[in-house]
Amino acid sequence: MSENGRRDYQGSKIGMWLFLFTELMLFGGLFILYSGYRSLHPESFHHASRELNVVLGVANTLVLLTSSLFAALALTSVQQGRHSDGAKWAWLTAGLGGVFLVVKAFEWGAKFSHGIYPGGKALLALPPGEGLFYGLYFTMTGLHGLHVLAGVVLLSVMALLVGKGRVHQGDCVVLENSGLYWHLVDVIWIFLLPLFYLAA
Amino acid sequence: MTSMDQEKGHIVEPAVLARVWGALVCLTIGLVSASLASPKLAVLAMLVITPAKAWLVFHYFMHLKYEGPLLKGMVLVALLTLVIFISMMFLDLGFR
């Protein structure tokens, strides 16, 4: 809020975008690391990628794309004054974020059961290139998963605030900024899918 | 678009959002199909389809299409910075 009690809508959005740029650089650095190691170990990356479950990767992509649609619909609903619809879409967005995490947990669990986890014997026995692939896989999808978890909490809070009328048609920049965060998490996954699951 | 739209946020119609979602799903199917078809096609699809999907999300879901030149310029500078870093990495690998 500014001194006269008026919310600086544009300033709030610019602040959120600046934060998103730091996220972009964080994951961008990891993408550069991935590309560098992949060019050094193309065969190992190709082989290790074949061990990942493409069906689960694509299913999770569809889950996140749909959740992004729901997040955008939540904002549109609130902007049009349909607050109960807005709360519903925000809850559905958070719910699909939860589905994404459950699928990811099953995927990681399958790898763990085969001894493939950071420091695991099966992972240490793999060729160095494949070890690097899985190291990057756990780091990047894990970091992304933490962002999804944060987004689920954020969207749940937004759903509550919209439901209580604290976020409404006249003041919904906090919902718009939460949506921006969620969409960026979606964009990062859009790049993670081909790098890890379709690299074979 | 009026300055009021920029200030309070543009309202994107649900039908537009649904069409964008449909395009994103179709592009994902295209990406997976190309990656199963041949390695060359897979690389091409990754270089074309993946940025196209990101562009759709930025443009419509994140409302960048309806923002003013300041925000658009900021995003462009951030993305160009990332492209420069990635190019430097590939130059380093290429001339090693």
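Above this text you will find the structure in question.
Notes on the structure follow.

Parameters at a glance
- Residues numbered from 1 in each chain as written.
- Chains lettered and ligands numbered in written order.
- Predicted model: local features only at pLDDT ≥ 70, side-chain atom pairs only at ≥ 80, totals over all residues.
- Heavy atoms only, no water.
- Helix = DSSP H or I, 4+ residues; strand = E, 2+ residues; numbered from the N terminus.
- Buried < 20%, exposed > 50% of the residue type's maximum accessible area, 1.4 Å probe, protein only.
- Contact = heavy atoms within 4.5 Å.
- Areas by Shrake-Rupley, 256 points an atom, 1.4 Å probe, with all protein chains shown as cover.
- Lys, Arg positive; Asp, Glu negative; His and termini not counted.
- Charge placed at Lys NZ, Arg CZ, Asp CG, Glu CD.
- Salt bridge = Lys/Arg side-chain N within 4 Å of Asp/Glu carboxyl O.
- Axes fitted to C-alpha atoms, helices over the stretch in contact; angles between N-to-C directions.
- Parallel < 35°, antiparallel > 145°, perpendicular 65-115°, else oblique.
- Left-handed = near helix turned anticlockwise from the far one by under 90°.
- Nonpolar A, V, L, I, M, F, W, Y, C, P; charged D, E, K, R; others polar.

**Here we look at the overall build of chain A**
Looking only at helices and strands, one finds seven helices and zero strands in chain A. The secondary structure elements of chain A, listed N-terminal to C-terminal, are α-α-α-α-α-α-α. Taken over the C-alpha atoms alone, chain A extends approximately 65 × 30 × 25 Å along its principal axes. The buried share of chain A, taken over its 200 residues, is 56%. In chain A, once contacts between residues fewer than 6 apart in sequence are set aside, the share between residues at least 24 apart is 83%. As displayed, chain A has an accessible area near 8,200 Å², and 67% of this comes from carbon and sulfur atoms. When the 12 basic and 11 acidic side-chain charges of chain A are each reduced to a single mean position, those positions are 5 Å apart.

**Quick word on the overall build of chain B**
When helices and strands are counted, chain B shows four helices and zero strands. Reading the secondary structure of chain B in the N-to-C direction produces α-α-α-α. Expressed along its principal axes, the backbone C-alpha trace of chain B runs to roughly 50 × 30 × 10 Å. Counting the 96 residues in chain B, one finds 38% classified as buried. Sequence separation of at least 24 residues holds for 58% of the intrachain contacts in chain B that already meet a minimum separation of 6.

**Points about the side chain of Lys53 of chain B**
Mapped onto the secondary structure, Lys53 of chain B falls in helix α3 (residues 39-61). Of the buried charged residues, Lys53 of chain B lacks a salt bridge, with Asp186 of chain A as the closest side chain of opposite charge at 7.3 Å. With near-sequence residues (within four places) excluded, Lys53 of chain B lies in contact with Thr61 and Ile190 of chain A together with Leu24, Leu27 and Thr28 of chain B.

**Digging into the packing of helix α3 (residues 54-79) of chain A against helix α7 (residues 173-197) of chain A**
All names here are of chain A. α7 packs onto α3 with a crossing angle of 165° between their chain directions and a minimal axis gap of 10 Å. One way to sum up the angle between α3 and α7 is to call them roughly antiparallel. Note on packing geometry: the crossing formed by α3 with α7 is left-handed. For the contact of α3 with α7, the class distribution of residues is 16 nonpolar, seven polar and two charged.

**Some thoughts on the pattern of salt bridges**
All names here are of chain A. Enumeration according to the criterion identifies four salt bridges over all chains in this entry. The partner of Glu176 in a salt bridge is Lys13, with the nearest N and O atoms 3.4 Å apart. Of this pair, Glu176 sits in helix α7 while Lys13 sits in helix α1 (residues 9-40), and the two are 163 residues apart along the sequence. Of the charged contacts in the structure, one is a salt bridge between Lys104 and Glu107, with a shortest N-O distance of 3.2 Å. Of this pair, Lys104 and Glu107 both sit in helix α4 (residues 83-113), three residues apart, which is roughly one turn of that helix.

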